[in-house]
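Spelled out, the chains give:
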Amino acid sequence: MNHSGKDGTGFGVYVHWPFCMAKCPYCDFNSHVRHHAVDQPRFAAAFAREIAEMRERTGHRTVSSIFLGGGTPSLMQPETVASVLNEIAANWHVPDNIEITLEANPTSVEAERFRGYHAAGVNRVSLGVQALNDRDLRRLGRMHSAEEALAAIKLARDIFPRLSFDLIYARPEQTVEAWREELVKAISYAADHLSLYQLTIEEGTPFYNLWKAGKLITPDGDDAAALYADTQETTARHGLPAYEISNHAAPGAESQHNLVYWRYGEYVGVGPGAHGRFVENGTRTVTITERHPETWIEKVETVGHGIVEEEFLTHEQEGDEFLLMGLRLVEGIDLARYERLTGHSVRESRVISLAEQGLVEYIGNSRIRTTPEGAIVLNAVIAELAA
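Residues numbered from 1 in each chain as written. Predicted model: local features only at pLDDT ≥ 70, side-chain atom pairs only at ≥ 80, totals over all residues. Heavy atoms only, no water.

Enquirer: Could you give me a rundown of the packing of helix α5 (residues 146–159) against helix α6 (residues 176–189), with the residues and numbers involved?
Expert: At a minimum axis distance of 10 Å, the contact between α5 and α6 shows a crossing angle of 30°. Comparing their axes, α6 and α5 come out roughly parallel. Across from L150, I153 and R157 in α5, the residues of α6 making contact are K185, S188 and Y189. Looking at the contact of α5 with α6 residue by residue, the class counts come to three nonpolar, one polar and two charged. (Axes fitted to C-alpha atoms, helices over the stretch in contact; angles between N-to-C directions. Helix = DSSP H or I, 4+ residues; strand = E, 2+ residues; numbered from the N terminus. Parallel < 35°, antiparallel > 145°, perpendicular 65-115°, else oblique. Contact = heavy atoms within 4.5 Å. Nonpolar A, V, L, I, M, F, W, Y, C, P; charged D, E, K, R; others polar.)

Structural data, given as structure tokens:
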């Protein structure tokens, strides 16, 4: 099988670089701080071994996107990035000009390094800006100033054909007016893509402890909904409409890699704590690698991969995941594909009932999508359709 993914949904490669300069107080991602130099050639060799192992399992594929995420991949040396991209190309077919994204933090940006990444083949950068004022950046535990963030945005725009950056909203004491002003400013700097996330308080993070103690007050449900609604309106008005719940792009500039996830395509995950989902012998397989970087690398050096957990999904689970991912998209889902995955159709009476409540709408004969009201209660909509 050498097509990119069933249903034309693509085949992505995700590579996780687990190291950060500091841990942000809201973050529950697999990121680690090391106070000694990371042995990058050793990691590059381990990535190469795990990529070869994944190639054994997926067979020949055409890669539709590559994403270097983290952690902070902009702490990687350009040579390490080049090595990883070369290994991917040596194992699968990588067409010219596919989207190759690297996540970067404004603090870990050096012009030379950016030029090195571009020379290695990276053509899209996703910058973790998070806020455009210093007070909120400090509160969010970020290591950069607003000025540094804007300098990084300018540099990225000069070097890379495509740029995205992240902002977090529904921050403590944030008003709709202040957020709208910041968003308009962000759009004026953005090239073609923005990821806008509501601050969520995750258990096990310092923010959770502060919030629990009443020392961190975040907007309540109504205020958060107002911020969300204003976000949709402001971005659409300025030519970056939402194409997914938290992602906004100029038409044609959507993140190809994230679309692989949301369209329920296939992807491999390489590196500490990476997840993969690909069809193997007719079954969708989930792989999860060891989270702890040094343990992962020892495992790869010993057995050729860092996989510690695997799951083989039932058709029913595939259907649930397909709904969960696809209904985040403005383009919605094809009900005929749900039927192909699960062997049965979504009960039409449920779709009609949700449509009457104004939570979903039909697009043509077999596609549905959530309405703006439905997007806010997405989990309830999915539970109703999947039942």
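Having seen it, we continue.
Enquirer: Before we move on, can you summarise α6 with the specific residues and values?
Expert: Between its first and last C-alpha, α6 extends 20 Å over 14 residues, near the 20 Å set by a 1.5 Å rise per residue. Packing partners of the buried residues in α6 comprise β7 (162–169), β8 (193–198) and α8 (221–237). (Expected span 1.5 Å × (residues − 1).)

Enquirer: Describe the pattern of salt bridges, with residues and values.
Expert: Overall, the coordinates contain 21 salt bridges when judged by the stated rule. The residue E321 makes a salt bridge to R277 at a minimum N-O spacing of 2.7 Å. With E321 in helix α11 (residues 315–326) and R277 in strand β12 (residues 275–280), the pair connects residues that are 44 residues apart, well separated along the chain. Here E321 matches R277 in class, with each residue buried. We note a salt bridge from R284 to E318, for which the minimum N-O separation is 3.0 Å. A residue pair is termed long-range when its members are at least 10 positions apart, and R284 in strand β13 (residues 283–289) and E318 in helix α11 qualify at 34 residues. Comparing R284 with E318, the two get one shared label, buried. One connected set of salt bridges, linked through shared partners, spans E99, R124, R162 and D192. (Salt bridge = Lys/Arg side-chain N within 4 Å of Asp/Glu carboxyl O. Buried < 20%, exposed > 50% of the residue type's maximum accessible area, 1.4 Å probe, protein only.)

Enquirer: An account of the nonpolar core is requested, with residue identities and associated values reported.
Expert: F114, V122 and L127 are the most contacted members of the largest nonpolar core, which has 84 residues in total. Contacts of F114, omitting those with residues within four sequence positions, involve A104, V109, V125, L127, A152, L155, A156, I159 and F160. (Core = buried A, V, L, I, M, F, W, Y, C linked by side-chain atoms within 4.5 Å.)

Enquirer: Residues and numbers for the sheet that holds strand β16 (residues 360–363), please.
Expert: If you walk across this open sheet you meet the three strands as β15-β17-β16, and the pairing is antiparallel. If you trace the sheet from one side to the other, it starts and ends with β15 (333–334) and β16, each paired once. Pairing of β16 with strand β17 (residues 367–370), which is carried by four bridges, proceeds in the antiparallel orientation. Note that in β17 the partner of E361 across the bridge is R369. (Pairing = 2+ DSSP bridges.)

Enquirer: A description of the packing of aromatic side chains should follow, citing residues and the corresponding values.
Expert: On inspection of all chains with the given rule, the structure shows 15 aromatic pairs. Each ring, one from W17 and one from F47, has its centre 6.2 Å from the other, and the planes form 50°; the classification is tilted. In this pair, W17 is assigned in strand β1 (residues 11–17) and F47 in helix α1 (residues 40–58), connecting sequence segments 30 residues apart. Accessibility expressed as a relative area gives 2% for W17, which makes it buried. Using a relative accessible area of 0% as the deciding quantity, one classes F47 as buried. Ring plane angle 85° and centroid distance 5.4 Å describe the contact between F19 and F43, whose orientation is recorded as edge-to-face. Taken as a pair, F19 in strand β2 (residues 19–20) and F43 in helix α1 lie far apart in primary sequence, 24 residues in all. Summarising the burial analysis for this pair, F19 and F43 share the class buried. An aromatic cluster is built from W17, F19, F43, F47 and W296, whose rings are joined through pairwise contacts. The ring of Y264 carries R284 above its face, with NZ or CZ at 3.8 Å from the centroid. (Phe/Tyr/Trp six-rings, centres within 6.5 Å; stacked < 30°, edge-to-face > 60°. Lys NZ or Arg CZ within 6 Å of the ring centre and 35° of its normal.)

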